[in-house]
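Here is what each chain is made of, one letter per residue.
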Amino acid sequence: MGNTKSGAVSKEILEELKLNTKFSETEIVQWYENFKRQCPTGRISKEEFQSIYSKFFPESDAQTYAQHVFRSFDTNDDGTLDFKEYIIALHMTSTGKTTRKLEWAFSLFDVDKNGYITKSEVREICTAIFKLIPKDELSSLANDENTAEKRADKLWKFFDKSDNDRVAEGEFIQGVLDNEVALRLIQYQPLK
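Residues numbered from 1 in each chain as written. Predicted model: local features only at pLDDT ≥ 70, side-chain atom pairs only at ≥ 80, totals over all residues. Heavy atoms only, no water.

In the nomenclature of an unreviewed UniProt entry, the protein is known as Recoverin of Nibea albiflora.

Quick word on the overall build of the protein
A tally of helices and strands in the protein yields eleven helices and four strands. At 18 Å, the protein has a C-alpha radius of gyration in line with the 16 Å of a compact globule built from 192 residues. Projected onto the principal axes, the alpha-carbon positions of the protein cover approximately 55 × 35 × 25 Å. Per-residue burial for the protein yields a buried fraction of 40% across its 192 residues. Look at the contacts in the protein between residues 6 or more apart in sequence, and 61% of them connect residues 24 or more apart. Accessible area of the protein: about 10800 Å², with a carbon and sulfur share of 50%. (Helix = DSSP H or I, 4+ residues; strand = E, 2+ residues; numbered from the N terminus. Rg over C-alpha atoms; globule rule 2.2 N^0.38 Å. Buried < 20%, exposed > 50% of the residue type's maximum accessible area, 1.4 Å probe, protein only. Contact = heavy atoms within 4.5 Å. Areas by Shrake-Rupley, 256 points an atom, 1.4 Å probe, with all protein chains shown as cover.)

Points about the nonpolar core
Among the nonpolar cores identified, the biggest contains 53 residues, and F49, Y65, F83, F109, L155 and F172 are the most heavily contacted of them. The greatest single-element share of this core, amounting to seven residues, is contributed by helix 7 (residues 119-132). When sequence neighbours within four positions are dropped, the list of residues in contact with F109 reads I117, E121, V122, I125, I129, L155, F172 and I186. (Core = buried A, V, L, I, M, F, W, Y, C linked by side-chain atoms within 4.5 Å.)

A few points about the packing of aromatic side chains
Tallying each qualifying case throughout the model produces 17 aromatic pairs. Each ring, one from Y32 and one from F83, has its centre 4.8 Å from the other, and the planes form 85°; the classification is edge-to-face. A residue pair is termed long-range when its members are at least 10 positions apart, and Y32 in helix 2 (residues 25-38) and F83 in helix 5 (residues 83-94) qualify at 51 residues. Here Y32 and F83 have matching classes, each one buried. Here the aromatic residues F49, Y53, F56, F57, Y65, F70, F73, W104 and Y188 are joined through ring pairs into a cluster of three or more. (Phe/Tyr/Trp six-rings, centres within 6.5 Å; stacked < 30°, edge-to-face > 60°.)

Description of the environment of L177
With respect to the helices and strands, the residue L177 is situated in helix 10 (residues 169-177). Filtering out sequence-adjacent residues up to four positions away, L177 remains in contact with T98 and L102.

Focus on the packing of helix 7 against helix 9 (residues 148-157)
As a packed pair, helix 7 and helix 9 sit with axes 8 Å apart at the nearest point and diverge in direction by 130°. When the axes of helix 7 and helix 9 are compared, the pair comes out oblique. The two elements helix 7 and helix 9 cross, and the hand of that crossing is right-handed. Contacts between helix 7 and helix 9 involve K119, V122, R123, C126, T127, I129 and F130 from the former and A148, E149, R151, A152, D153, L155 and W156 from the latter. Class assignment for the residues of the contact of helix 7 with helix 9 results in eight nonpolar, one polar and five charged. (Axes fitted to C-alpha atoms, helices over the stretch in contact; angles between N-to-C directions. Parallel < 35°, antiparallel > 145°, perpendicular 65-115°, else oblique. Left-handed = near helix turned anticlockwise from the far one by under 90°. Nonpolar A, V, L, I, M, F, W, Y, C, P; charged D, E, K, R; others polar.)

Section: helix 2
In an α-helix, one turn spans 3.6 residues; hence positions three or four apart end up facing the same way. Spanning 14 residues, helix 2 covers 20 Å between terminal C-alpha atoms, matching the ideal 20 Å at 1.5 Å per step. Those residues of helix 2 that fall on the buried side of the exposure criterion are I28, Y32 and F35. All buried residues of helix 2 lie within an arc of 65° about the axis, which places them on one face of the element. Of the exposed residues in helix 2, those oriented more than 90 degrees away from the buried face are T26, R37 and Q38. Structurally, helix 2 contributes buried residues whose contacts are with helix 1 (11-20), strand 1 (43-45), strand 2 (80-82) and helix 5. (Expected span 1.5 Å × (residues − 1). Arc of directions from axis to C-beta.)

Looking at the packing of helix 1 against helix 2
Each packed pair of helices is defined by two parameters, the angle between the axes and the distance between the axes. Close contact between helix 1 and helix 2 brings their axes to 10 Å; oriented N to C, the two are set at 120°. Looking at the two axes, helix 1 sits oblique to helix 2. As for how helix 1 packs across helix 2, the hand of that crossing is right-handed. Contacts from L14, L17 and K18 in helix 1 reach E25, I28 and V29 in helix 2. Residue composition of the contact of helix 1 with helix 2, grouped by class: four nonpolar, no polar and two charged.

Shown next as structure tokens:
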């Protein structure tokens, strides 16, 4: 990390993270120490991330979803997450404001990173989300969302677009904010 002493988070990164997250300096330093212990290279590979992520969903197939989450967090496209990317991702998915979370969700759904979401991208992410749902929870899903395809179709209808149209970030955020069902459809919330 540039001109830092080994083992300590740089002042520049510390200040940037204090500005861009709700974490305190003490929390950031603690996160950094844990991060360095777990990842002595200072980076998390996609495979390491998938392994960590899968532990949160032991009864599910989290690999595909974890790949998409990793892609959305790897902002510099180098195939790894550094500490800064990791903390910003943690902040956005856990303590960030709803709009920031939806900005992240848009980046998750924007598989090809072209600034728009298509129905096929919605279907791809809904398929990955569906793999997170344990088999015993599938029967409790509503009839119009008990498959990945139905879930994607239902979500796409909220944007009032034809199958060949695309959705920009602002439209996505507003569409989800305007409808609680859409907000539920873009994520998986365990029943337990």
